Amino acid sequence: MEGRSLSSRSTQDVAEGREIGVSLSPPLKVGKLQAALHTKAKNSPDYRFYALYDKLYRRDVLRFAYERSRANRGKPGVDRQTFADIEEYGLDRWLDELTTELRSGTYQPQPVRRVYIPKPDGKQRPLGIPSIRDRVVQMAAVLVLEPIFEADLEPEQHAYRPDRSALDAVRQVERLIRSGHTEVVDALLSNIYMRRFVKGWKTGGYEQRLDARIVNYADDFVICCRGTAEEAMSVMRMMMSKLKLTVNEKKTRLCRLPEDTFDFLGYTLGRNYDRRTGESYLGPRPARKKIDRLCNEIGELTTRRKGSLAVEELTGRINRKLRGWSNYFRIGTVSKVYRNVDSHVRYRVRQWLCAKFKVPGQGKRKYPDAYLYRKLGLHQLSGS
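Everything numeric in this text was worked out from a predicted model, so none of it was measured.

(A) Up close: the overall build of the protein chain. Helix and strand counts for the protein chain come out as 15 helices and nine strands. C-alpha extents for the protein chain along the principal axes are approximately 70 × 65 × 35 Å. Within the protein chain, buried positions represent 46% of all 384 residues. Expressed as a percentage of contacts within the protein chain between residues at least 6 apart in sequence, the contacts between residues at least 24 apart total 68%. Carbon and sulfur atoms form 49% of the exposed surface of the protein chain, whose accessible area is close to 20400 Å².

(B) Spatial organisation of helix H4 (residues 59-71). The end-to-end C-alpha distance of H4, which contains 13 residues, comes to 18 Å, matching closely the 18 Å that a straight helix rising 1.5 Å per residue would cover. Turning to H4, its buried residues number three or more, namely Val61, Leu62, Phe64, Ala65, Tyr66, Arg68 and Ser69. Where the residues of H4 are buried, they touch helix H2 (28-43), helix H3 (53-56), helix H5 (83-89), helix H6 (91-104) and helix H7 (132-152). Looking at the residues trailing H4, positive phi occurs at Arg73, about 60°.

(C) Expanded view of the packing of aromatic side chains. Under the criterion given, the structure shown has 12 aromatic pairs. Seen in terms of ring centroids, Tyr66 and Phe83 are 5.6 Å apart; in terms of plane orientation they differ by 75°. Their pairing is edge-to-face. Highlighted residues: Tyr66 in helix H4 and Phe83 in helix H5, separated in sequence by 17 residues. Judged by its relative accessible area of 2%, Tyr66 falls in the buried class. Pairing Phe197 with Phe221 gives two aromatic rings, centres 5.7 Å apart and planes at 50°, and the pair type is tilted. With a gap of 24 residues between them, Phe197 in helix H9 (residues 191-203) and Phe221 in strand E5 (residues 220-225) connect regions that are remote in the sequence.

(D) The arrangement of the side chain of Thr315 in detail. Along the chain, Thr315 turns up in helix H13 (residues 311-328). Residue classification places Thr315 among the buried residues on the basis of a relative accessible area of 8%. Apart from the residues within four sequence positions on either side, Thr315 is in contact with Leu376, Gly377 and Leu378.

(E) Quick peek at the environment of Lys75. Of note, Lys75 is situated in the loop between H4 and H5. Note on Lys75: relative accessible area 57%, which makes it exposed. For the pair formed by Lys75 and Leu378, sequence separation is 303 residues and the distance between their alpha carbons is 28 Å.

(F) Structural view of the pattern of salt bridges. The full count for this structure, using the stated rule, is 30 salt bridges. The residue Glu97 makes a salt bridge to Arg93 at a minimum N-O spacing of 3.8 Å. Separated by four residues within a single helix, Glu97 and Arg93 lie in helix H6, roughly one turn from each other. Residue classification places Glu97 among the partly exposed residues on the basis of a relative accessible area of 37%. Residue Arg93 is classed as partly exposed on the basis of its relative accessible area of 48%. The residue Glu101 makes a salt bridge to Arg133 at a minimum N-O spacing of 2.7 Å. Taken together, the residues Glu101 in helix H6 and Arg133 in helix H7 connect sequence positions 32 residues apart. Residue classification places Glu101 among the partly exposed positions, given a relative accessible area of 24%. Owing to a relative accessible area of 14%, Arg133 belongs among the buried residues under this scheme. One network of salt bridges, with partners in common, ties together Arg59, Arg63, Asp92 and Asp96.

(G) View of the packing of helix H12 (residues 288-301) against H13. In the contact formed by H12 and H13, the axes pass within 10 Å of each other and the chain directions differ by 170°. The orientation of H12 relative to H13 falls into the category roughly antiparallel. The residues of H13 that touch H12, namely those facing Lys290, Ile291, Leu294, Glu297, Ile298 and Leu301, are Leu314, Arg317, Ile318, Lys321, Leu322 and Trp325. Among the residues forming the contact of H12 with H13, the class breakdown is eight nonpolar, no polar and four charged.

(H) Seen up close, the sheet that holds strand E9 (residues 280-286). The antiparallel open sheet is built from three strands, whose spatial order is E7-E8-E9. The sheet is open, and its two edges are formed by strand E7 (262-264) and E9, each paired on a single side. Pairs of neighbouring strands in the sheet enclose a mean axial angle of 40°, with direction left out of account. Pairing analysis gives three bridges linking E7 to strand E8 (residues 267-273), with the strands arranged antiparallel. What sits directly across from Phe262, in E8, is Leu269. Against the sheet, helix H8 (residues 166-178) makes contact with E7, E8 and E9, and its axis sits at roughly 165° relative to E9, the strand it touches most.

(I) How the structure looks around the packing of H13 against helix H14 (residues 335-357). Between H13 and H14, the least distance of the axes is 12 Å, while the angle of their chain directions is 165°. Considering their axes alone, H13 and H14 lie roughly antiparallel with respect to each other. Between H13 and H14 the crossing geometry is right-handed. Residue-level contacts link Val311, Leu314, Ile318, Leu322, Trp325 and Ser326 of H13 to Val337, Tyr338, Val341, Val345, Val349, Trp352, Leu353, Lys356 and Phe357 of H14.

Calculation criteria
- Residues numbered from 1 in each chain as written.
- Predicted model: local features only at pLDDT ≥ 70, side-chain atom pairs only at ≥ 80, totals over all residues.
- Heavy atoms only, no water.
- Helix = DSSP H or I, 4+ residues; strand = E, 2+ residues; numbered from the N terminus.
- Buried < 20%, exposed > 50% of the residue type's maximum accessible area, 1.4 Å probe, protein only.
- Contact = heavy atoms within 4.5 Å.
- Areas by Shrake-Rupley, 256 points an atom, 1.4 Å probe, with all protein chains shown as cover.
- Expected span 1.5 Å × (residues − 1).
- Phe/Tyr/Trp six-rings, centres within 6.5 Å; stacked < 30°, edge-to-face > 60°.
- Salt bridge = Lys/Arg side-chain N within 4 Å of Asp/Glu carboxyl O.
- Axes fitted to C-alpha atoms, helices over the stretch in contact; angles between N-to-C directions.
- Parallel < 35°, antiparallel > 145°, perpendicular 65-115°, else oblique.
- Nonpolar A, V, L, I, M, F, W, Y, C, P; charged D, E, K, R; others polar.
- Pairing = 2+ DSSP bridges.
- Left-handed = near helix turned anticlockwise from the far one by under 90°.

In structure tokens:
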């Protein structure tokens, strides 16, 4: 949780597979605690949890929170302390001290280190990086609170939930548009508040009356409709006003398939064509801006100023980038995209090799495909 709340993390992170809290199985006692909290919240919706703080500094909870935070990696905060520093100091000793501070009430979070990361539109997004110490405490809070919130969230909500992913949300939208929900309201809102909207949408009878289904991930949601999108958009705005919430009007629009397309979680959904039969169908494909971003990143990795890198190091960096990207962009129409990306990667790697080893020309004869894939071990998306 690098300085942003669960509900406000950018779907840019989602699109690159950086979902919060990588999948690690909790220790037995932590799992039992989470199961007990979830069961109580599920079976007693009106119950209020007043005494949870003592669960936060349970040693097994804090240790698992540390493991989750370490698996998420991330840069150090204002104190510049790294995971390696902590383990050199002694993890048990470090956890003992943190437990004592939390139990005694003397724990105080440190300031958040501010950094800026570039956005696709050329602007910069501010990002806050807490210290590892604070990230561990935040993760401990997630471990305790997540089972309670999970019991209350609606099935339409996919973000930051156990056994759910952004791809599940994309697949749900694909199923809906293929089943005839071809009018889509494309909008934004945060995850926790989204639960109130989704619940009101169903209890108010709009889902059934308008045959309009919501799919939500983090701050993105769509309403898939059967010929009722204009009314659905009007009702949505009315409900948001009652909830005192504001929809991002610049990013909210109505589109009708198959004439239009819309982007959702890094995918463009709309008309595609079967390359064997030429027949059209509705489904997802990687969004153009995500393909361009990947190609730009590959280009940056293979600039002349990276010529001092060892060939093995460059290949490893490219492979990690390609595998991470394709692990997320793997559903829908991807074959042509994969072939184009592979072609771009081959071209950039050959250019880099020619510059590094002073080889004239394009390098196709010196560095044929077989050399790149078999000798260097370059990852190939096509056929993967």
